[in-house]
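What the coordinates show
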Amino acid sequence: MNVIIVGGGNVGCNLAERLSTSNYVTLIEKDPDTGKRLAGKMNILVIQGDGCDINLLKQAGITKADVVAAVTGSDVDNLVVCQIAKDIFHVKRTVAKVNDPKNEKIFYQLGVDIAIGSTAIIAKVIEDEVSWEDFITLFTFKRGNLSIIRVDLPETSPVINRSISEIELPEDSVLVAIIRDGEIMIPRPNSILKEKDEVIAITKVENESILFKSLIGEVSEK
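Residues numbered from 1 in each chain as written. Predicted model: local features only at pLDDT ≥ 70, side-chain atom pairs only at ≥ 80, totals over all residues. Heavy atoms only, no water.

Before going further, it helps to examine the pattern of salt bridges. Summed over the entire model, instances satisfying the criterion amount to 4 salt bridges. Taking the shortest distance from any N to any O, the salt bridge between Asp113 and Lys86 comes out at 3.0 Å. Highlighted residues: Asp113 in the loop between helix H5 (104–109) and strand S6 (114–116) and Lys86 in helix H4 (residues 75–88), separated in sequence by 27 residues. Accessibility expressed as a relative area gives 23% for Lys86, which makes it partly exposed. (Salt bridge = Lys/Arg side-chain N within 4 Å of Asp/Glu carboxyl O. Helix = DSSP H or I, 4+ residues; strand = E, 2+ residues; numbered from the N terminus. Buried < 20%, exposed > 50% of the residue type's maximum accessible area, 1.4 Å probe, protein only.)

This next bit is on helix H7 (residues 208–216). Of all 9 residues in H7, 7 are buried; the element is thus mostly enclosed. Those residues of H7 lying buried are Glu208, Ser209, Leu211, Phe212, Ser214, Leu215 and Ile216. Remark: Gly217 follows H7 within two positions and exhibits a positive phi of approximately 110°.

Before going further, it helps to examine the pairing of strand S3 (residues 45–48). With 4 bridges connecting them, strand S2 (residues 24–29) and S3 associate as parallel partners. Directly across from Ile28, in S3, lies its bridge partner Ile47. Regarding the hand of the β-α-β motif, the stretch spanning S2, helix H2 (residues 32–41) and S3 is right-handed. (Pairing = 2+ DSSP bridges. Right-handed = clockwise from strand over helix to strand, strands pointing away.)

Turning to the nonpolar core, a few remarks are in order. The biggest cluster of nonpolar side chains holds 26 residues, and the ones touching the most others in it are Ile4, Ile28, Ile62, Val68, Phe107 and Val112. Among the elements of the structure, strand S1 (2–6), helix H3 (54–59), strand S4 (67–70), H4 and H5 are those that each provide at least two residues to this core. Of all the elements, H4 adds the most residues to this core, at 5 residues. Those residues in contact with Phe107 that sit more than four places away from it in its chain are Asp75, Asn78, Leu79, Ala96, Lys97, Val98, Val112 and Ala115. Membership of the second largest hydrophobic core comes to 19 residues, among which are Met42, Val67, Ala69 and Val71. (Core = buried A, V, L, I, M, F, W, Y, C linked by side-chain atoms within 4.5 Å. Contact = heavy atoms within 4.5 Å.)

Our focus in this paragraph is the sheet that holds S4. Here we have 6 strands laid out as an open sheet, ordered S3-S2-S1-S4-S5-S6, and parallel in their pairing. Edge positions in the sheet fall to S3 and S6, since each has one partner strand and no second. Across the sheet, the axes of successive neighbouring strands diverge by a mean angle of 15°, strand direction being ignored. Of the strands in this sheet, S2 and S3 are in contact with H2, which crosses S3 at around 170°. (Axes fitted to C-alpha atoms, helices over the stretch in contact; angles between N-to-C directions.)

See below:
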């Protein structure tokens, strides 16, 4: 898998290190000093420059990228990078770090596939064999206020072997289906969740990160 990461801060470095073991990773960093330091530290291609620059993105190989993750400290830059990736280069999956939670809804409305505030959750989403299936926004509706999402439960999920009635979900969130071994089940209060269950839920866009933590669990910051 070809992954482009824009932003060489803590989360960008963490993602690059985790993904580079089994994927081709290119990291774009605006600051020259930081770029040089990262180039000598990690066995990946590091390009110094502005990730919002279309020509620089071409140089980074965006035409062959499967995923673009924009994780700079600027929400504006992250959004622009994702929009360029989607609208101009038709990248299949875009991920953005949202520094201001109030902007999360806007990111989804403007076409970002996954917009997450917690850097730890971004790492978790990418870490699990780079499988975006762990947490996928299927689509948003009601003018971007609500999302239908799918979560694949890993073995470390805190909800495994617990009934639906025991799970504390964020406000205005509901589990609507459980897919197990290809069979669809309607969740009941006494339904027990199992490892590898696919859970379909409806939630407010701004509660997606909280729902993720409820179903996947806390991830330690690095």
